[in-house]
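A structural walkthrough
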Amino acid sequence: MKVDEIIESALRKIQVTAPSANEKADAMEALNDIRKELFSGGKQGQHAITVDTHTLTVSTGSYTIGTGATIDTLRPSHIEAVFVVQNDIGYNVKPITAIDYARIGDKTQIGTPEKYWYNPTYTDQTDATIYLWPEPDYAYTLYLYSFKPPTDYDDLDDDITEPPEYHGFFKWAVALEMAPEFGRQITPFMYQRFEKNERIMKRAHMQTIPTVETNVVNRPGSAEGGLFVGTVRLSTLPFTLA
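Let me sum up the structure you'll find in this document. (Residues numbered from 1 in each chain as written. Predicted model: local features only at pLDDT ≥ 70, side-chain atom pairs only at ≥ 80, totals over all residues. Heavy atoms only, no water.)

1. A short note on the environment of serine 77
Counting through the fold element by element, serine 77 comes out in the loop between strand E3 (71-72) and strand E4 (78-86). As for serine 77 and alanine 128, which are separated by 51 residues in sequence, their C-alpha atoms are 9.6 Å apart. (Helix = DSSP H or I, 4+ residues; strand = E, 2+ residues; numbered from the N terminus.)

2. Topic: the pairing of strand E2 (residues 62-66)
Where E2 lies against strand E8 (residues 128-133), 4 bridges are found, and the strand directions are antiparallel. Within E8, the position partnered with serine 62 by the bridge is tyrosine 131. Examined bridge by bridge, E2 and E3 share 2 bridges and lie parallel to one another. Counterpart to isoleucine 65 in the pairing with E3 is isoleucine 71. (Pairing = 2+ DSSP bridges.)

3. Overview of the pattern of salt bridges
Scanning all chains against the criterion turns up 8 salt bridges. Among the ionic pairs, lysine 24 bridges to glutamate 8, the shortest N-O distance being 2.6 Å. Of this pair, lysine 24 sits in helix H2 (residues 21-38) while glutamate 8 sits in helix H1 (residues 3-12); the two residues are 16 residues apart in sequence, bridging distant segments of the chain. Within the structure, one salt-bridge network assembled from shared partners comprises Lys2, Asp157 and Asp159. (Salt bridge = Lys/Arg side-chain N within 4 Å of Asp/Glu carboxyl O.)

4. A few points about the environment of valine 3
Looking at the element boundaries, valine 3 is found in helix H1. Residue classification places valine 3 among the buried positions, given a relative accessible area of 0%. Between the C-alpha atom of valine 3 and that of lysine 24, which follows or precedes it by 21 residues, the distance is 9.9 Å. Those residues in contact with valine 3 that lie beyond four places of it in its chain are Met28, Leu31, Tyr153, Asp155, Leu156, Asp158 and Ile160. (Buried < 20%, exposed > 50% of the residue type's maximum accessible area, 1.4 Å probe, protein only. Contact = heavy atoms within 4.5 Å.)

Here is the structure:
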């Protein structure tokens, strides 16, 4: 489905049948705002894990993350799992809080990283930072499994990247957002349809959202390590867990 189809459907719901290019642009901006609000709470609303890799530098424990940063990728809104890999052997790095990290006496100790603190730095102008402890004693490959905030749609011909269960929610959410701009009254029926589609979206989200256990281990009877929800494998890791 295209962005234009979402916009056209949303505006028809408020009896706008021949929107101008500017009106469609306003509706697309509303759609982008709705997506940002939906996905702003870490992994809340998210539907896909992304994987980033980076070769670590010996005795360097902190790395910026962001567009143009040391780890050059869209800044994660939530990190699900971190591994360091040496010779195809992966070591699970566990999350700690800012207070836990502050309490570490010797932050320059080197070894295989065991813990990380992720500082997302919630400003548009500042990169996030991941702090590893101990600092790496080898040029491990860092694997980051994370959720990313959505990138804006900037063309009506863009494909909607969210699953089909989100489409109805987007249509009604945009309709409610745009109704006051066209002087349209928001009726109880419109609210009911919005709430119904919101429930559909949330149910699909709860059923399909990838999550990763903090302690990722090989399952009994499983020859390969992976990311699991309960006993369901989400993906096979591209290395063997230590």
